[in-house]
Structures are given as C-alpha cells and as structure tokens.
Amino acid sequence: MLKGAQVDSPELEMLVCCARAEPGPEYTARVHELQESGLDWSVVLQLADRHRLTPLLYRQMSRIAPELLQQPALSLLVFRARKIAARNLRLIQELLRLLDVLDKHQIPAIPIKGPLLAISAFGSVALREFEDLDILVRRADIHRAINIISTTGYEPERELTQAQKIAYLRSEHAFQYRRDGGQLVVELHWRLQDRYLSFPFDEDELWNTATATNLFGRRVRSLSTNNLLLFLCMHGAKHYWERLEWISCLPAVMRAESSLDWSAVIEQARRMGGLRILQLGLLLAHDLDGSRYTEAPLRLIRVEPITKELASMVWKKLGANELAGSRREVYRFRFFLNTRERLSDRVRVVWDASIRIPHPNSSLWQRTHLPAWLLFVYYFVSPMRLLRKYGLQGLRGVFRPNRIS
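Note that the structure is predicted; figures quoted are calculated from it, not measured.

**Remarks on the nonpolar core**
Argument step 1. With 96 residues, the main nonpolar core has M61, W241 and W315 as its most contacted residues.
Argument step 2. Setting aside its immediate chain neighbours within four residues, M61 contacts M14, C18, V31, W41, P66, L68, L69 and L77.
Argument step 3. Membership of the second largest hydrophobic core comes to 33 residues, among which are I92, L96, I107 and F130.

Okay, here's the thing in structure tokens:
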C-alpha cells in the first residue's frame, strides 16, 4: 500500500495509482505488483466508469504496462476510452458552435469544466470524460442567452413561465437545455454555484481576471487559475468528493500551474469563508499526489483536525457502495455543513436551502406546480420540507463546527 490515499481494495488502489497526472516510479512499480496479485479487472473497469476515470486509466496503462492492454479483460477499457474520446470531440465541436452564436450576439461566455478543465489539468481533451457542456454568461445577459440557445435546436428541460424563471434565477445557478433526444446537454450558468451554498464568487472579478485557452485553434475565455482551483474545491465539497476524478483534476492543475501565488489563493478563500473547503481540497490533492506541487500550499495553511477527518471520510466513501435517493442528499448536506468554518455561512446555507425555489425536476415542484402569483407559497413549504428531509440530526452541524455530525 502506498502512502497518502488510503483505500481498502486492490482494484481501487489500482485506479488511485493511475489517477495521478504523472505517476512516478513508485506508482509504476505498484501497478505491476497489483496486477501480479490477481487483480479483478472487471471491478477496476466498473470503478473507472463510476469515478469517470476511464480515459486516464487507459492512458496510464498504455504508458506503464502496454502489454496488459492486449489481454481480453482490458479490451473493454480500450473500447470505452476511444468511445469517450470520440464523444468529447463531438461535444467540443458543439461548444465552439454555441460560443460562435453567443459571440455573434455580443454575449461574452466562459466555458467551465468540460474540455477546458481537461486541457488545464492534463493537457489533452481526450483525458477527461465530460457528459455535458457548461457555459457561464453574465447575469445581465442570461435572458438574451436563453433566447439565443432556444434558437439553436435546444429545448429546456422544463418549460417555465416568466415569473418562475425570475424566481429560479434568484436561488439557482443554471438552466439546462437538451437536443437530439438528450444526446447533447447544455447548462447555461449565470453564477458558478447555487445561492444556498454561500460561496460568493464576485461576478466582476471572475470576468476581469478571466484568461484565454487555446481550444482547437480558437481562443476561448477561461476562469483564472485561482478561481478555477477554488471552484473545483467548492464543487468537490458540495458533492462530498464522491468521484475520484474530481480529486484527480486538482493536483493535475496544480502541477500545470506551478507558479501559482498561493498566498493570494488562501486570502481569497478566507474572504469567501472557504478556508476549510480549500484545506480539504489541498489535503486530498496531496494524499493522491504527494509531490512538491501539492506540498507547497499546505506549508502555508494550518489544516484543522476536522479537515483531516473529512478527508478520511472521503477516501472511505470512494470504495463504499454508492448512496442513493434521500440518504445521498442527507449525507451531502451534512458533509457540506462541516466544510464551512464560519457560523454565519452555516446558518446561511440552511436558511437559503430552506427557502429556495425547488428545482423544476423535483417532486415538490411537480406535485405542487403553482401559478406565478402563488410562487411565494414555496417559501413556506420549503422550510418544512427541509426539516422533514434532513431532520434535527442533519442540521445540528450548524452549531457544532468542530465535530462531524
């Protein structure tokens, strides 16, 4: 067993070894040891699919042990990796088309995650699996962008009245659009995260510090590296880091941007109340990739005991059975509360989550689909729904910041 990430199965350890951007000699040797120990490759491939690491697993095996790819057990890995690469190319072509349409109407846009994260982390759009396209526009441009997207063959996931759209804009972060029977999905963002997460990226700062990335010969706006790292940490914490791929991207970006001003990143996180969220991301990155790139920022920040406990929980959960339904939602909510260091943020998370307009696909929206003039009723129904869903046990983390609830 290697140092750092502690997992409880050889199959998951194999995936962890291959999740690093640059596996060193120690990891290469461990891959061969695991293979010789009688690895169940069907389980490895299932885990790779679950954690969205099929492209990276294929790339590392091609470099570390190419002879193994000739085995029948790994023929499915080769097939899946090539299929994902082909789909990525189709999505990139569609992304560039949509950016051209928005640009034609003078609407600035920033693609987030997707192929730009693949380039930032691994230097290749083929090495990260993404299933949809996320595009950020300014809040002032969202209504025009909605109208434009609707003219390009996309349909909204659910039709909303104008009043419902306005209510939804207040609490959520993106509208989803589909075409070709759901084969192409676009999420049109006006903020990087739901309001209830209380992780306030400054809109003007996001756009003023945006950089440019070369995507197939086209200069495309992208988040600054500072904002990208904080976004990745926030997004991972929101989803209790349930996918190894999310952890894998973080140290890969840190390796690619080795000249980062970590003091500025830490200060920005502190202002946003996201210091513990950053601590957790950095700790997970170092667990996976214990290099000088991941060690440097940890020297500048004191990692709290609760953050180490949260990191341990993440690694244990990666190999456990996936949570589903209400159990998953309750666990995710409790976990995110424990990643916030300020009482004011924990209170706001609970408050904003309790009064948010429900997602159009939620059972509450579908059961109590209200006319526009009665939308205010959701603000009375939602707090009772939240208490019923999470219970007092789930919400006690608001006032117990240093204990895992």
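Let's pick the thread back up.
**Here's the deal with the pattern of salt bridges**
Two side chains carrying opposite charge are able to pair once their charged atoms lie near each other.
Argument step 1. Evaluated as defined, the whole model comprises 26 salt bridges.
Argument step 2. Notably, a salt bridge pairs R97 with E94, separated by 2.7 Å at the nearest N-O pair. With R97 and E94 both in helix 5 (residues 75-104), this residue pair falls 3 residues apart, about one helical turn.
Argument step 3. With relative accessibility at 30%, the residue R97 sits in the partly exposed group.

**Focus: the packing of helix 1 (residues 10-18) against helix 4 (residues 54-64)**
In a pair of packed helices, the angle between the axes and the distance between the axes together describe the arrangement.
Argument step 1. Contact pair helix 1 / helix 4: the axes reach a minimum separation of 9 Å and the direction vectors enclose 80°. Compared by their axis directions, helix 1 and helix 4 come out roughly perpendicular. Contacts between helix 1 and helix 4 pair M14, L15 and C18 from the former with L56, L57, Q60 and M61 from the latter.
Argument step 2. Looking at side-chain class alone, the contact of helix 1 with helix 4 contains 6 nonpolar, 1 polar and no charged residues.

**Describing unusual backbone geometry**
Argument step 1. Located in the positive-phi region is R52, a residue other than glycine, with phi close to 55°.
Argument step 2. Its place among the elements puts R52 in the loop between helix 3 (41-50) and helix 4.
Argument step 3. Phi is positive for D180, which is not a glycine, with a value near 55°.
Argument step 4. Relative to the assigned elements, D180 resides in the loop between strand 4 (174-179) and strand 5 (184-189).
Argument step 5. With relative accessibility at 39%, the residue D180 sits in the partly exposed group.

Quick notes on the rules
Residues numbered from 1 in each chain as written. Predicted model: local features only at pLDDT ≥ 70, side-chain atom pairs only at ≥ 80, totals over all residues. Heavy atoms only, no water. Core = buried A, V, L, I, M, F, W, Y, C linked by side-chain atoms within 4.5 Å. Buried < 20%, exposed > 50% of the residue type's maximum accessible area, 1.4 Å probe, protein only. Contact = heavy atoms within 4.5 Å. Salt bridge = Lys/Arg side-chain N within 4 Å of Asp/Glu carboxyl O. Helix = DSSP H or I, 4+ residues; strand = E, 2+ residues; numbered from the N terminus. Axes fitted to C-alpha atoms, helices over the stretch in contact; angles between N-to-C directions. Parallel < 35°, antiparallel > 145°, perpendicular 65-115°, else oblique. Nonpolar A, V, L, I, M, F, W, Y, C, P; charged D, E, K, R; others polar.

Geometric values such as these leave the question of function open.
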